[in-house]
Amino acid sequence: MTQVELFQALKAIGYPVAYSLFVDTPQSPAPAPPFITYRFAYSSDMMADNINYAEISNFQVELYTAEKDPAAETAVQNKLKELGLPYSKTETWIDSEKLFQVIYEIQLIGA
């Protein structure tokens, strides 16, 4: 799966999606929650003999909600399962934004 395919799949969930962040301008205000952002976090390439044999890109898919939203979490988790992307999940409250942030860490191999 490529990054473009990941973006399209996340959009299919039905929430606004952006790479890294939504730019809030008068012409294009940031969406109200729930919304999703995703971004490249780091690589875990498989290497040997000074060669990168397999590209392994670690991404974070971040779900933002105004309150705890199990239905939104289930929608994201079901999509990741449908795509065959195992994930680990963490959650935090961002007090300054008054939002819950649920982070799904996934790997795209060969992307």
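Residues numbered from 1 in each chain as written. Predicted model: local features only at pLDDT ≥ 70, side-chain atom pairs only at ≥ 80, totals over all residues. Heavy atoms only, no water.

Each helix and strand counted, the protein chain has two helices and seven strands in total. Along the protein chain, helices and strands appear, N-terminal first, in the series α-β-β-β-β-β-α-β-β. The principal-axis extent of the C-alpha atoms belonging to the protein chain is close to 50 × 30 × 25 Å. Expressed as a percentage of contacts within the protein chain between residues at least 6 apart in sequence, the contacts between residues at least 24 apart total 49%. Of the accessible surface of the protein chain, which amounts to about 6700 Å², a share of 54% is contributed by carbon and sulfur atoms. Placing the 7 positive and 14 negative side-chain charges of the protein chain at their respective mean positions leaves the two points 6 Å apart. (Helix = DSSP H or I, 4+ residues; strand = E, 2+ residues; numbered from the N terminus. Contact = heavy atoms within 4.5 Å. Areas by Shrake-Rupley, 256 points an atom, 1.4 Å probe, with all protein chains shown as cover. Lys, Arg positive; Asp, Glu negative; His and termini not counted. Charge placed at Lys NZ, Arg CZ, Asp CG, Glu CD.)

Our focus in this paragraph is the side chain of Gln77. Mapped onto the secondary structure, Gln77 falls in helix α2 (residues 70–82). Polar contacts involving the side chain of Gln77 include one to the side chain of Tyr104, which spans 3.1 Å. If sequence neighbours within four positions are ignored, Gln77 has contacts with Tyr87, Lys89 and Tyr104. (Polar contact = N/O pair within 3.5 Å; in protein donor to acceptor, adjacent residues only side chain to side chain.)

Right, let's talk about the environment of Phe59 for a bit. If you trace the backbone, Phe59 turns up in strand β5 (residues 56–65). Using a relative accessible area of 3% as the deciding quantity, one classes Phe59 as buried. Placed 22 residues apart in sequence, Phe59 and Lys81 show a C-alpha to C-alpha distance of 15 Å. When sequence neighbours within four positions are dropped, the list of residues in contact with Phe59 reads Gln3, Leu6, Tyr19, Tyr38, Arg39, Phe40, Ala41, Tyr104, Glu105, Ile106 and Leu108. (Buried < 20%, exposed > 50% of the residue type's maximum accessible area, 1.4 Å probe, protein only.)

This part is about the sheet that holds strand β2 (residues 35–43). Across the sheet, which stays open at both edges, the five strands sit in the order β1-β2-β5-β7-β6 with mixed pairing between neighbours. Looking at the sheet topology across the chains shown, the edges are occupied by β1 (17–19) and β6 (88–94). The mean inter-strand angle of the sheet, taken between neighbouring strand axes irrespective of direction, is 25°. Relative to β2, helix α1 (residues 3–11) is tilted by about 155°, and along the sheet it contacts β1, β2, β5 and β7 (99–109). Seen against the sheet, α2 touches β2, β5, β6 and β7 and runs at an angle of roughly 0° to β7. (Pairing = 2+ DSSP bridges. Axes fitted to C-alpha atoms, helices over the stretch in contact; angles between N-to-C directions.)

Turning next to α1. Those residues of α1 that sit buried are Leu6, Ala9 and Leu10. Along the axis of α1, the buried residues cluster in a sector spanning 100°; they form a single face. Buried residues along α1 sit in contact with β1, β2, β5, α2 and β7. (Arc of directions from axis to C-beta.)

A few words now on the nonpolar core. The nonpolar side chains of a soluble globular protein tend to be buried with one another. Ranked by size, the top nonpolar core spans 17 residues in total, and within it Leu6, Leu10, Ile36, Val61, Val76 and Ile106 carry the most contacts. Listing elements by their share of this core, those giving two or more residues are α1, β2, β5, α2 and β7. By residue number, the principal contributor to this core is β7, which donates four residues. (Core = buried A, V, L, I, M, F, W, Y, C linked by side-chain atoms within 4.5 Å.)

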